[in-house]
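Listed below, chain by chain, are the residues.
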Amino acid sequence: MSFIFKDQPHPDVASSLNNLGTAYHNKEQYDQAIKYYKNSLKVQRLIYKNEPHPDVAASLDNLGTVYSAKGQYDQAIQYHEDSLKIGKLTFKGQPHPDVARSFNNLGIAYHNKGRYDQAIQYHEDSLKIGKLTFKGQPHPDVARSFNNLGIAYHNKGRYDQAIQYYQDSLKMKNLIFKGQPHQDVATSLNNLGIAYRDKGQYGQAIQYFEDSLKIKKLIFKDEPHPDVARSLNNLEAAYHTRGQYDQAIQYFEES
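Model, not experiment: these values are computed from the prediction.

J.: Looking at this structure, how should I read the pattern of salt bridges?
T.: Where charged atoms from two side chains of opposite charge come close, those side chains can pair. Inspection of the entire model under this criterion finds 10 salt bridges. Of the charged contacts, one joins Lys 156 and Asp 117 as a salt bridge, the two residues approaching to 2.7 Å between their closest N and O atoms. Note that Lys 156 is positioned in the loop between α7 (140-155) and α8 (159-177) and Asp 117 in helix α6 (residues 116-133), a separation of 39 residues in sequence. By relative accessible area, which is 32% here, Lys 156 ends up partly exposed. A salt bridge links Lys 199 to Asp 160; its shortest N-O distance comes to 2.7 Å. Residue Lys 199 is found in the loop between α9 (183-198) and α10 (202-220), and its partner Asp 160 is found in helix α8; the two are separated by 39 residues along the sequence. Several salt bridges share partner residues, and in doing so they unite Asp 98, Arg 101, Asp 141 and Arg 144 into one network.

Written out as structure tokens, the structure is:
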């Protein structure tokens with residue numbers, strides 16, 4: 001690619017470098033991913049100078065995401081904040097999925113630092129923009145924001161708020177996937193089970209865990225999968241806590 005463009009900065013070169021970064025990111029080779037994302041960003045800045053551009057914002061967001069994956073949350077936050085700033089300039093304050101994504105990624109980084117109040121604020125901002133962007137229509141990005149808010153409230157021990165957001169996420173996912181078995185639906189059901197378990201309401205927890213397990217079995221058929229084992233373990237623990245040892249043993253043996 002660099003041979004074709006004679007080492008001149010070009011969007012195709014930046015795109016190829018970004019794609020290499022994504023490939024290494026998916027392989028969990030984070031240092032290599034960072035190198036290619038930074039090289040992509042360097043080319044983009046040569047192309048666009050100081051003008052805000054969505055490609056620059058995306059590269060900054062990608063760098064934030066890979067630093068988050070490395071557990072370097074302060075660096076991640078800086079890149080996500082830079083991405084958000086450029087996104088706001090690019091889209092002139094109008095609601096846009098890229099801006100919502102930057103808010104969401106900031107929420108995740110702060111959540112991973114244990115700063116749940118800041119995480120909630122960013123996820124609420126992401127949710128607000130998502131609702132405006134998609135005009136109230138069900139969308140995976142909005143469902144994700146509901147779920148992330150549920151997780152943050154859950155970790156704060158505010159289980160009723162967590163349950164409400166998990167239910168909102170589940171409702172939207174059911175509309176998106178039209179009742180078809182999907183991993184995202186199974187995840188929401190499992191999250192509801194955990195929230196009810198942590199509230200000490202084991203009957204409701206078991207129902208959600210069983211619904212989650214049912215969907216996972218439809219997805220993975222008879223193939224062994226860690227998510228199926230996780231649901232079986234959740235059911236075993238819930239029945240054990242209730243003193244229903246025969247059911248607990250059954251799920252333990254199945255896992």
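J.: Explain the environment of Asp 198 here, please?
T.: Turning to its location among the elements, Asp 198 is positioned in helix α9. Of the residues examined, Asp 198 reaches a relative accessible area of 32% and is grouped as partly exposed. When the C-alpha positions of Asp 198 and His 154 are compared, they lie 9.0 Å apart, and in sequence the two are 44 residues distant. Residue contacts for Asp 198: discarding those within four places in its chain leaves His 154 and Tyr 159.

J.: Is there a simple way to think about the UniProt feature "repeat: TPR" (unreviewed entry) in the protein in this case?
T.: Mapped onto the present numbering, the UniProt feature "repeat: TPR" (unreviewed entry) falls at residues 14-47, 57-90, 100-133, 143-176 and 186-219. Counting secondary structure, residues 57-90 comes out at 91% helix and 0% strand; the distance between its end C-alpha atoms is 9 Å. With 91% helix and 0% strand, residues 143-176 has its two end C-alpha atoms placed 9 Å apart.

J.: Mind showing me how you'd approach helix α5 (residues 97-112) here?
T.: Every α-helical turn comprises 3.6 residues, leaving residues that sit three or four positions apart pointing alike. For α5, which comprises 16 residues, the first-to-last C-alpha distance of 22 Å matches the rise-based estimate of 22 Å (1.5 Å per residue) to within 8%. When α5 is considered as a whole, its buried residues turn out to be Val 99, Ala 100, Ser 102, Phe 103, Asn 104, Asn 105, Leu 106, Gly 107, Ala 109, Tyr 110 and His 111. Tucked into the core, α5 has its buried residues touching α3 (54-69), α4 (73-90), α6 and α7. Looking one or two places after α5, you find Gly 114, whose phi comes out positive at around 80 degrees.

Scoring rules and cut-offs
Residues numbered from 1 in each chain as written. Predicted model: local features only at pLDDT ≥ 70, side-chain atom pairs only at ≥ 80, totals over all residues. Heavy atoms only, no water. Salt bridge = Lys/Arg side-chain N within 4 Å of Asp/Glu carboxyl O. Helix = DSSP H or I, 4+ residues; strand = E, 2+ residues; numbered from the N terminus. Buried < 20%, exposed > 50% of the residue type's maximum accessible area, 1.4 Å probe, protein only. Contact = heavy atoms within 4.5 Å. UniProt positions renumbered as here; feature names shortened; annotations may be inferred. Expected span 1.5 Å × (residues − 1).

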